[in-house]
Amino acid sequence: MNAAGTSRCRFARVSRIVSFSASHRLHSKALSNEENLKLFGKCNNPNGHGHNYKVVVTVHGEIDPVTGMVMNLTNLKEYMEEAIMKPLDHKNLDLDVPYFADVVSTTENVAVYIWESLQKFIPVGILHKVKVYETDNNIVVYKGE
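Under an unreviewed UniProt entry, the name given to the chain is 6-pyruvoyl tetrahydrobiopterin synthase, and the organism recorded is Chrysochloris asiatica. If you open the UniProt record of the chain and go to Pathway (unreviewed entry), you find "Cofactor biosynthesis; tetrahydrobiopterin biosynthesis; tetrahydrobiopterin from 7,8-dihydroneopterin triphosphate: step 1/3."

Q: Which parts of the structure should I look at to understand the side chain of Asn-44?
A: Looking at the secondary structure, you find Asn-44 in the loop between α1 (33–40) and β2 (49–62). When residues no more than four places from it in sequence are discounted, the contact partners of Asn-44 are Arg-25, Leu-26, His-27, Asn-33, Asn-36 and Leu-37.

Q: Help me out: how do you make sense of the pairing of strand β4 (residues 127–133) in this one?
A: Every regular strand shows the same layout, with side chains that alternate between the two sheet faces. Burial runs high along β4: five of the seven residues are buried. As paired elements, β2 and β4 share six bridges and run antiparallel to each other. For Val-57, the partnering residue across the bridge sits in β4 and is Val-130. Bridge analysis of β4 against strand β5 (residues 139–142) gives four bridges, and the strand direction is antiparallel. Within β5, the residue paired with Val-132 across the bridge is Val-140. Hairpin connection between β4 and β5: a loop of five residues separates the two successive antiparallel strands.

Q: Looking at this model, I keep getting lost on the UniProt feature "active site" (unreviewed entry) in the chain. Mind explaining?
A: When the UniProt feature table is mapped to this numbering, "active site" (unreviewed entry) covers Cys-43, His-90 and Glu-134. Along the chain, Cys-43 falls in the loop between α1 and β2. Classification of Cys-43 as partly exposed rests on a relative accessible area of 24%. Setting aside residues up to four positions removed in sequence, Cys-43 forms contacts with Arg-25, Leu-26 and His-49. If you trace the backbone, His-90 turns up in the loop between α2 (73–88) and β3 (91–92). Residue classification places His-90 among the exposed residues on the basis of a relative accessible area of 64%.

Q: Hey, could you run me through the UniProt feature "binding site: Zn(2+)" (unreviewed entry) in the chain in this one?
A: Here, UniProt's "binding site: Zn(2+)" (unreviewed entry) annotation points to His-24, His-49 and His-51. Look at the named residues: they lie 28 residues apart in sequence, but the longest C-alpha span between them is just 8.5 Å, so in the fold they bunch up. Of note, His-49 is situated in strand β2. When residues no more than four places from it in sequence are discounted, the contact partners of His-49 are Ala-22, Ser-23, His-24 and Cys-43. Within the element layout of this structure, His-51 appears in strand β2. A residue is classified by how much of its surface remains accessible, and His-51, at 13% relative accessible area, is buried. Residues within four places of His-51 in sequence aside, it is in contact with Phe-20, Ser-21, Ala-22, His-24, Glu-134 and Thr-135.

About the thresholds
- Residues numbered from 1 in each chain as written.
- Predicted model: local features only at pLDDT ≥ 70, side-chain atom pairs only at ≥ 80, totals over all residues.
- Heavy atoms only, no water.
- UniProt positions renumbered as here; feature names shortened; annotations may be inferred.
- Helix = DSSP H or I, 4+ residues; strand = E, 2+ residues; numbered from the N terminus.
- Contact = heavy atoms within 4.5 Å.
- Buried < 20%, exposed > 50% of the residue type's maximum accessible area, 1.4 Å probe, protein only.
- Pairing = 2+ DSSP bridges.

In structure tokens form, the structure reads like this:
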């Protein structure tokens, strides 16, 4: 409470990071083999290739005056385990994750997949952004737009 006796809402963003390893092949069924090779280059290798992805999930909201938290990080850890680690870690994205059967497994689409998966667990309106590092140089940020 301030000097006048009224409380003030405070907002914060909280992030948690996980890392997972997965393989994939950049290949669009809408393109010919030649077009895929031209567009995706070595990432179109028929045997695929792998990455050690890093994912930063950020939630935002009002800091609860009783708990002092936007969200319990133990819960966020569990949600990330269910939405990211279990379905993606040590998987071939194209073969093991049904979502990518008809969606090219670009990092952009991986970020969308993670966002949509997290939405099933995280309370509505709290998820702020998903940031996926495919490499140190290739990063995608998705905010549900």
